[in-house]
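Read off the chains here:
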Amino acid sequence: MAGKSCLGSLYRENKKPVAASAFLVAAALLFTASIVIHVASPHFRQLWTYMNHHVDGTACSECANSLVPVPKATRFHISNYGFPGPVPWEWIRAHVRDEFTLGGRIQVRDLFFNTDALDSGAKPYVWVNEKIDRLASFARARKARFGSYGRNCTTAFFQAFDKYSIKDKKVLVIGSQLPWVESICLGFDASTITTVDFNKPIASHPKLRQLLVDELEEINDTWDVAVSFSSLEHDGLGRYGDPMNPNGDLDRMQKIKGLLKPGGLLFLGVPVGNDTLLYNAHRIYGPIRMPLLLSGWKLLGVFGVTSLEQLYRENLTGEIVQPVMVLTME
């Protein structure tokens, strides 16, 4: 209604029909363009509403209901704040920014990605059986000549699986685009491996199964082991079109508990160092946020570094260092 009243006021003040006609034509063109964008991009539609009403960090009655936390009683989905990412930092309301930074205790640096892995047009990854088996043979021989994050990370998994065996265990891999973790699990004789991701890869290996997140919600299954490497630090930041949630990573860690059998193990890798939110790329976990992430979990071991505390002290530049932590439920 505000748009109509403004238009009427301007039209009454501008008595010349030419000026009024020019204004109406411009308004019509702008309206048409907005409709095209509105239909073409549901994400942009929500962001446009958010930007127009919340740039100043204040709330309004028109969209308050869609921008408050909406809990979901599901096995794996995290609660969401009613709108998907990516959302520029400047568009987020002040009190929600405080939640992301734990009241300003965590520094924020800009590293923004305007991507959307949830786009229906996103192409799935295709995993080739021969390559998976070749990488598994490397893992069986403890040859760390592969891995999406370098040899140090691959070696850390070798050390962790040597101490905490996954032989004949059912393994759930959370968040995976390339099958390097799955190949390591095969090399260490896991019985079956299920991968869950928002963008389900295509594979036909007899020991591998792939699930979309929504598909995981529909099955009643538990696993002996869960593996998540370079995944949870993204949860809730909206980088991949996922729902915005300042505590998405913390929620996800609690959800994983319901996917494990009693006594099950979680092999977890996230960036460790000085507490930082590189928005919207990822988080770096330090002495402030790491205890929150590991709440309700018992840390059995850390592989790839001497200790987490060492990284807290020494990794102050934002370098991506991701040791493998072995956890079990308290």
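Summarised in this report is the structure supplied together with it. (Residues numbered from 1 in each chain as written. Predicted model: local features only at pLDDT ≥ 70, side-chain atom pairs only at ≥ 80, totals over all residues. Heavy atoms only, no water.)

**Quick word on the packing of helix 5 (residues 129–140) against helix 7 (residues 180–187)**
Orientation of helix 5 relative to helix 7, taken along the N-to-C sense of each, is 55°, at an axis distance of 7 Å. With respect to helix 7, the element helix 5 is oriented oblique. Crossing hand, helix 5 versus helix 7: right-handed. Between helix 5, through Ile-132, Leu-135, Ala-136, Ala-139 and Arg-140, and helix 7, the contact on the second element is made entirely by Ser-183, Ile-184, Leu-186 and Gly-187. Looking at the contact of helix 5 with helix 7 residue by residue, the classes come out as six nonpolar, two polar and one charged. (Axes fitted to C-alpha atoms, helices over the stretch in contact; angles between N-to-C directions. Helix = DSSP H or I, 4+ residues; strand = E, 2+ residues; numbered from the N terminus. Parallel < 35°, antiparallel > 145°, perpendicular 65-115°, else oblique. Left-handed = near helix turned anticlockwise from the far one by under 90°. Contact = heavy atoms within 4.5 Å. Nonpolar A, V, L, I, M, F, W, Y, C, P; charged D, E, K, R; others polar.)

**Notes on the sheet that holds strand 6 (residues 260–269)**
The mixed open sheet is built from seven strands, whose spatial order is 4-3-2-5-6-10-9. Edge positions in the sheet fall to strand 4 (208–212) and strand 9 (297–303), since each has one partner strand and no second. Strand-to-strand twist across the sheet, computed as the mean angle between neighbouring axes with direction ignored, equals 20°. In this structure, strand 3 (residues 192–197) lies alongside strand 4, joined through five bridges in parallel fashion. Pairing of Thr-195 across the sheet is with Gln-210, part of strand 4. (Pairing = 2+ DSSP bridges.)

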